[in-house]
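# Survey of secondary and tertiary structure
One letter stands for each residue in the lines below.
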Amino acid sequence: MNIKLHLLNASGSLNQFEKEIVSEFNKAISKILNIIQVSDVDIVIYDNPESAIPEIGIGGYTQNENLIFMPIDPKFATLSKSIKENIKRTLAHELHHIMRWRKVGYGKTLLEAIITEGLADHFDLEVFGGNPPLHCKALKENEIKNLLSKAKNEFDNNKYDHNAWFFGSKTKNIPRWTVYSLGFYLVGKYLNKYLKAKPSTLYEKPAKDFLLL
């Protein structure tokens, strides 16, 4: 499969982590490709603390159906540990985005974004197991119910406030990572009902099919 790692390190800021990054990348890709058939993807890993998730020192963003960016904070206190724990999870998440993007698109409405993110996080668990990432469990049970009611009004809105739903808004009373937590919850309900279904085979499924409210 043609998946290329581009490690940008002209400054040398990632020198001490380069071998770890490459090793974890190769192990993760091998395991992911045992479950989904994805190819022709460029993955760029680079020094960019501002875009990394502060809690783990690593981030991920799927730019289009062939390109993934993964920023890293080389000054993150426990980066070696995070590389081992989160490179694989980020790759699984973003490569599932690639698969969905190529079939039905990432999504233009709020509901589509919610389901796309939920599927990607459940795919991560399908491949690597363990506990859900922090962003999947950002909401308490009562918050999920309240924010689902709020989100329903915008499910079909293709001009929703992306930053508010993803990164939080005090003025709109939307906590950080709401999209991820709602997506993880809704896709989880679907998987609990259809026990033979797997995220690795659901990347083409329309977002509305996951509404079991």
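Presented here is a report on the structure given in the accompanying data block. All of these numbers come straight from a predicted model, not from anything done at the bench.

When you go through the protein residue by residue, the secondary structure sums to six helices and four strands. When the elements of the protein are put in sequence order from the N terminus, they spell out β-α-β-β-β-α-α-α-α-α. Taking 17 Å as the expected radius of gyration for a compact globule of 213 residues, we find that the protein reaches 17 Å, a close match to that expectation. Counting only C-alpha atoms, the protein reaches 50 × 40 × 30 Å along its principal axes. A burial count over the protein gives 49% of its 213 residues as buried. Summarising the internal contacts of the protein: among those between residues at least 6 apart in sequence, 69% fall at separations of at least 24. Taken as a whole, the protein presents about 10900 Å² of accessible surface, with 48% of it coming from carbon and sulfur.

Below, the discussion takes up the pattern of salt bridges. A full pass over the atoms with the stated rule returns six salt bridges. Ionic pairing is found between Lys27 and Glu24, a salt bridge with its closest N-O pair at 3.1 Å. On the criterion of helical spacing, the pair formed by Lys27 and Glu24 is a turn pair, its members being three residues apart in helix α1 (residues 18-33). Note on Glu24: relative accessible area 12%, which makes it buried. Close ionic contact of Lys205 with Asp209 constitutes a salt bridge, the shortest N to O distance being 3.6 Å.

Our focus in this paragraph is the packing of helix α4 (residues 141-152) against helix α6 (residues 178-193). Packed helices, taken two at a time, are described by the angle their axes make and the gap between the axes. As a packed pair, α4 and α6 sit with axes 11 Å apart at the nearest point and diverge in direction by 100°. Between α4 and α6, the angle falls in the class roughly perpendicular. Contacts from Ile144, Leu147, Leu148 and Ala151 in α4 reach Thr178, Leu182, Tyr185 and Leu186 in α6. Residue classes in the contact of α4 with α6 are distributed as seven nonpolar, one polar and no charged.

One finds Ile3, Ile32, Val38, Ile43, Ile45, Leu91 and Leu95 to be the most contacted residues of the largest nonpolar core, which totals 33 residues. Looking at this core, the elements that each hand over two or more residues are β1 (3-8), α1, β2 (41-47), β4 (67-72), α2 (79-103) and α3 (110-128). Apart from residues lying up to four places away in sequence, Ile32 is in contact with Lys88, Leu91, Ala92, Leu95, Phe123, Val127 and Phe128. Core analysis: the next-biggest nonpolar cluster, separate from the first, contains 29 residues, Phe166, Leu182, Leu191 and Phe210 among them.

Moving on, we get to α3. For α3, which comprises 19 residues, the first-to-last C-alpha distance of 27 Å matches the rise-based estimate of 27 Å (1.5 Å per residue) to within 8%. For α3, a buried count of 17 out of 19 residues is recorded, marking the element as mostly surrounded by other parts of the structure.

Before going further, it helps to spend a moment on the pairing of β2. In terms of burial, β2 is largely enclosed, as five of its seven residues are buried. As defined by bridge partners, β1 adjoins β2 across six bridges and the pair is classed as parallel. Its bridge partner being in β2, Leu8 is matched across the sheet by Tyr46. Crossover handedness for the path β1 to α1 to β2: left-handed. Looking at chain direction, β2 and β4 are connected through six bridges and run parallel.

A separate point is the sheet that holds strand β3 (residues 61-64). The strand order across the open sheet formed by four strands is β1-β2-β4-β3, and the pairing between neighbours is mixed. Among the strands making up the open sheet, the edge pair consists of β1 and β3. Averaged over neighbouring strand pairs, the angle between their axes works out to 20° when direction is ignored. Docked against the sheet, α1 engages β1, β2 and β4, running at close to 160° with respect to β1. Packed on one face of the sheet, α2 meets β1, β2, β3 and β4 and runs near 160° to β4.

What counts as what
Residues numbered from 1 in each chain as written. Predicted model: local features only at pLDDT ≥ 70, side-chain atom pairs only at ≥ 80, totals over all residues. Heavy atoms only, no water. Helix = DSSP H or I, 4+ residues; strand = E, 2+ residues; numbered from the N terminus. Rg over C-alpha atoms; globule rule 2.2 N^0.38 Å. Buried < 20%, exposed > 50% of the residue type's maximum accessible area, 1.4 Å probe, protein only. Contact = heavy atoms within 4.5 Å. Areas by Shrake-Rupley, 256 points an atom, 1.4 Å probe, with all protein chains shown as cover. Salt bridge = Lys/Arg side-chain N within 4 Å of Asp/Glu carboxyl O. Axes fitted to C-alpha atoms, helices over the stretch in contact; angles between N-to-C directions. Parallel < 35°, antiparallel > 145°, perpendicular 65-115°, else oblique. Nonpolar A, V, L, I, M, F, W, Y, C, P; charged D, E, K, R; others polar. Core = buried A, V, L, I, M, F, W, Y, C linked by side-chain atoms within 4.5 Å. Expected span 1.5 Å × (residues − 1). Pairing = 2+ DSSP bridges. Right-handed = clockwise from strand over helix to strand, strands pointing away.

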